[in-house]
Every structure is written in structure tokens, then in C-alpha cells.
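# Observations on the three-dimensional arrangement
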Amino acid sequence: MPQSPARRNFLAGGIAALGLGATAAPALAQAPAVKTRIDVHHHFVSPAQGEAKKQAGSSPPKWTVQMSLDDMDKAGVKTAVLSSVEPGVWFGNVEQGRTLARESNEYAARLAKDYPGRFGSFAAIPLPDTEGSLREIEYALDVLKADGIGLFTSYDGKYLGDPAFVPVFEELNRRKAVVYTHPTSPACCTGMIKGVSVGTIEFATDTTRTIASLIFGAGGTAFSCPDIRFIWSHSGGTLPFLIGRFIREQKVKKDPRMPNGPLPIVQKYFYEIAQGNLPGQFAALLKIVPVSQLMFGSDYPYREGVEAVEGLDAYSFSDAERAMINRETALKLLPRLAA
């Protein structure tokens with residue numbers, strides 16, 4: 001799409017920061033000439049959230065609109081569904097959380113309007129603030145027309161299956177909302193192995209923890225809110241490797257709400273493939289869910305989109321299966337993106 005001088009000035013400054021490096025050239029040859037993919041794991045940094053992270057003592061990742069567009073083009077991505085970087089909009093203050101959620105969601109909505117067809121959004125809500133979250137769900141979905149809600153695996157040490165979050169999930173269930181969930185630094189387990197970042201092990205495990213909380217937790221959310229359409233990051237984290245322990249847990253507990261065990265529950269969830277696209281990861285995930293539950297994700301700007309493209313192309317998917325992962329399953333969940 002041709003850019004006006006004003007638009008070019010607005011976007012300037014991000015290209016040099018992209019830093020694809022010398023290894024990017026071979027990957028670019030694998031990207032399709034026509035952009036068709038829908039990336040459901042693509043982060044952005046709103047101005048207010050970036051400033052809040054700095055004030056909290058952490059640096060936001062380097063990001064601009066043009067950096068996202070450049071990476072999307074290289075990976076053959078037509079549309080990226082934007083979601084906030086960790087830890088989202090909650091920094092321990094109710095009014096700040098509400099303000100940041102509103103600013104971030106309106107910023108994402110402006111990007112979707114300014115770049116037709118290139119961006120969607122999973123709106124931020126200020127959990128653990130229940131009242132503020134319910135208000136923002138209404139505004140984001142009804143006024144801004146966000147594609148879904150973006151959550152993190154825990155808030156203030158509570159996982160998503162905690163009873164405190166039930167009112168929010170009941171509203172999301174009433175709306176049959178799409179809920180994309182990303183891991184965050186767990187209160188239990190930061191700095192356990194010196195020299196190993198929390199994201200290396202704990203992010204993938206935290207996804208599994210919060211799925212377990214929905215199934216086995218006191219809130220009973222997996223059963224009381226069956227119409228929420230969850231998308232889990234990173235091919236389900238460690239879930240494919242721990243599912244046998246989930247099955248064993250149910251054999252011990254004998255919860256009458258799942259007479260066939262936990263497998264039917266996790267099989268209806270959706271899983272995006274960012275940082276979860278090596279052959280062993282695909283093989284393990286596909287033992288418990290069908291290809292129709294997989295979706296394309298990049299984890300930009302923490303990863304380049306071509307990384308997920310290479311992993312997808314290297315696995316023995318058929319062309320029809322790749323089409324489902326790249327686009328078709330996303331359109332079933334997010335039909336607005338077909339426009």
C-alpha cells in the first residue's frame with residue numbers, strides 16, 4: 001500500500017532496528033510471494049504501556065509499526081492479531097491498569113483502521129481488577145470491535161482457574177469470546193537456575209499450569225465456561241509432555257464432570273505454533289489434538305516470523321494442513337479478518 005509522506009514520517013525509525021542479521025536471507029526464500037498467513041501471536045507496545053514498563057524498571061522490546069509490517073511481509077503474513085507484551089497492563093494499581101488497558105486497546109484499534117487488513121487485536125483487560133475488566137471487555141468488543149481478549153497465565157500469583165476470576169470468565173463465556181493467552185513470569189519460580197532466563201523453562205510450564213487450573217481448580221472454569229474459545233501459546237507449552245499426568249490426576253480424583261478424562265477438554269482448545277514448531281514439539285502436540293486446532297504464530301518482536309515459517313515448512317504437513325494452520329482455522333475463529 002503506497003504510503004503518504006506523513007505516513008512515512010510516522011513510521012520512520014523502525015527499519016534500521018529490525019536487525020534480521022545474516023541468517024535471514026535463506027529463510028526469506030521460503031516465504032510465499034502472496035501474503036496469506038494470519039499471525040495470532042504478534043506483540044505490540046503502545047506508547048503508554050512502554051512508558052509504564054520503563055517506570056516499573058524494565059525495558060520494553062524495541063518495536064515500531066513499520067518493524068511489524070516489515071517482518072510480516074518477510075514471513076508472508078497478511079494480518080497480525082496484536083496483543084500486549086508481558087506483563088500486559090497490570091502493574092499493581094487499579095486506576096493505572098484501567099487507563100493502560102483503554103489506551104492500549106484504542107491504539108491497537110487505530111492501527112487496524114489505519115492499515116486495513118494488516119492488523120487485528122486481542123484486547124487487554126486489567127485483571128485482577130474484576131470491575132475494570134468487565135467494563136473493558138464491553139468497550140473493547142462492542143465499541144472497538146476487537147477480535148478477542150488477550151490474557152496472561154496468572155495475575156498476582158493467581159492462575160486463570162482461580163475462583164476470583166470466575167465473573168470475568170462467565171462474561172467471556174456468555175459472549176463465546178476468543179481468548180488468547182500468553183505466559184508471564186510466575187510468582188513461584190523466577191531466578192531458580194542462575195544464568196537461565198525465566199522464559200527458557202517457566203513460560204512454557206506456566207501455560208500448562210494455567211490450563212491445569214481451569215480443569216482441576218476450584219473455579220471449575222473449564223466446565224462452567226465451555227463456550228470460551230481458548231488459544232494457547234507456544235504449542236501448549238509443556239502440556240503435550242504432561243498430559244499423562246493430567247490423565248492420572250483425573251483417575252485419582254474421579255471428577256464426575258469429566259467422565260472421559262481431561263483429553264476431550266484440551267482437544268477442543270486451539271494452539272499457536274510460535275517457539276513450538278520443532279519436529280518433536282509438533283509430533284507430541286499432534287498426538288493429543290488434530291491439525292485443525294493449530295494456528296500460525298510468530299511471537300514478534302521476540303522472534304522473527306520466518307522462524308515459524310521454517311518450522312512449519314520442515315514438518316511433514318500436507319498442503320491442506322498447512323493452509324489450515326496458516327489461515328483457515330484463524331478465519332473460523334476470527335471471521336472479521338476475512339474482509
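Summarised in this report is the structure supplied together with it. (Residues numbered from 1 in each chain as written. Predicted model: local features only at pLDDT ≥ 70, side-chain atom pairs only at ≥ 80, totals over all residues. Heavy atoms only, no water.)

## Some remarks on the packing of aromatic side chains
Centre-to-centre distance and the angle between the planes together describe a pair of aromatic rings. Overall, the coordinates contain 13 aromatic pairs when judged by the stated rule. Note on Tyr-115 and Phe-119: the rings are 6.1 Å apart at their centroids and 90 degrees apart in plane angle, and the pair reads as edge-to-face. Between Trp-232 and Tyr-269 the ring centres are 5.8 Å apart and the planes differ by 65 degrees, which places this aromatic pair in the edge-to-face class. Here Tyr-269 lies in the loop between helix H11 (263–267) and strand S9 (270–272) and Trp-232 lies in strand S8 (residues 229–232), a separation of 37 residues in the sequence. Neither Trp-232 nor Tyr-269 differs from the other in exposure class; each is buried. Connected via pairs of aromatic rings, a cluster forms that spans Phe-169, Phe-230, Trp-232 and Tyr-269. Positioned above the aromatic ring of Phe-296, the side-chain terminus of Arg-37 is 5.5 Å from the ring centre. Against the face of Tyr-139 rests Arg-102, its NZ or CZ located 3.7 Å from the ring centre. (Phe/Tyr/Trp six-rings, centres within 6.5 Å; stacked < 30°, edge-to-face > 60°. Helix = DSSP H or I, 4+ residues; strand = E, 2+ residues; numbered from the N terminus. Buried < 20%, exposed > 50% of the residue type's maximum accessible area, 1.4 Å probe, protein only. Lys NZ or Arg CZ within 6 Å of the ring centre and 35° of its normal.)

## A word on the sheet that holds strand S2 (residues 77–84)
An order of S1-S2-S3-S4-S7-S8-S9-S10 is seen for the eight strands of this open sheet, with the pairing classed as parallel. Across the chains shown, the open sheet's two edge strands, defined by having one partner strand only, are strand S1 (37–44) and strand S10 (294–295). For S2 and strand S3 (residues 119–124), the ladder comprises three bridges, and the chain directions are parallel. Bridged to Ala-80 within S3 is Phe-119. (Pairing = 2+ DSSP bridges.)

## Re a nonpolar patch on the surface
Taken together, the side chains of Met-192, Ile-193, Val-196 and Ile-201 present a nonpolar region at the surface, about 360 Å² in accessible area. Here Met-192 lies in the loop between strand S7 (178–182) and helix H8 (198–216). Judged by its relative accessible area of 58%, Met-192 falls in the exposed class. (Patch = residues over 30% accessible without salt bridge, like charges linked within 9 Å, V, L, I, M, F, W, Y side chains within 5 Å. Areas by Shrake-Rupley, 256 points an atom, 1.4 Å probe, with all protein chains shown as cover. Salt bridge = Lys/Arg side-chain N within 4 Å of Asp/Glu carboxyl O.)

## Details of H8
A turn of α-helix holds 3.6 residues, and therefore any two residues three or four places apart point the same way. In this model, H8 (19 residues) spans 25 Å end to end at C-alpha, consistent with the 27 Å of a helix rising 1.5 Å per residue. Where H8 is concerned, the buried positions are Glu-202, Phe-203, Thr-205, Asp-206, Thr-207, Thr-208, Thr-210, Ile-211, Ala-212, Ser-213, Leu-214 and Ile-215. (Expected span 1.5 Å × (residues − 1).)

## Some details on the pattern of salt bridges
It is possible for side chains bearing opposite charge to pair when their charged atoms get close. One pass over the full model with this rule turns up 17 salt bridges. Between Asp-73 and Arg-118 there is a salt bridge whose closest N-O contact spans 3.0 Å. Linking Asp-73 in helix H4 (residues 65–74) with Arg-118 in the loop between helix H5 (94–114) and S3, this pair joins segments that are 45 residues apart in sequence. We classify Arg-118 as buried; its relative accessible area is 15%. Look at the salt bridges and you will find they share partners, linking Arg-98, Asp-129, Glu-131 and Arg-135 into a network.

## Considering the environment of Ser-233
Position of Ser-233 among the secondary structure elements: in the loop between S8 and helix H10 (239–253). Once residues within four sequence positions are removed from consideration, Ser-233 is found in contact with His-41, Tyr-180, Thr-181, His-182, Pro-183, Thr-207 and Glu-272. (Contact = heavy atoms within 4.5 Å.)

## Here we look at the pairing of strand S4 (residues 148–152)
For S4, a buried count of five out of five residues is recorded, marking the element as mostly surrounded by other parts of the structure. Since S3 and S4 lie parallel, the crossover through helix H6 (residues 130–143) that links them has a hand, and here it is right-handed. Across four bridges, S4 lies against S7 in parallel orientation. Note on S7: the bridge partner recorded for Leu-151 is Thr-181. (Right-handed = clockwise from strand over helix to strand, strands pointing away.)

## So, unusual backbone geometry
For the peptide bond that leads from Glu-86 to Pro-87, omega is 10 degrees, which places it in the cis range. Residue placement: Pro-87 occurs in the loop between S2 and H5. A cis amide bond links Leu-127 to the next residue, Pro-128, at an omega of 10 degrees. With respect to the element layout, Pro-128 can be found in the loop between S3 and H6. Notably, His-234 is not glycine yet its phi reads approximately 55 degrees, a positive angle. Within the fold, His-234 resides in the loop between S8 and H10. Positive phi outside glycine occurs at Gln-275, with the angle close to 55 degrees. Locating Gln-275 in the fold gives a position in the loop between S9 and helix H12 (279–285).

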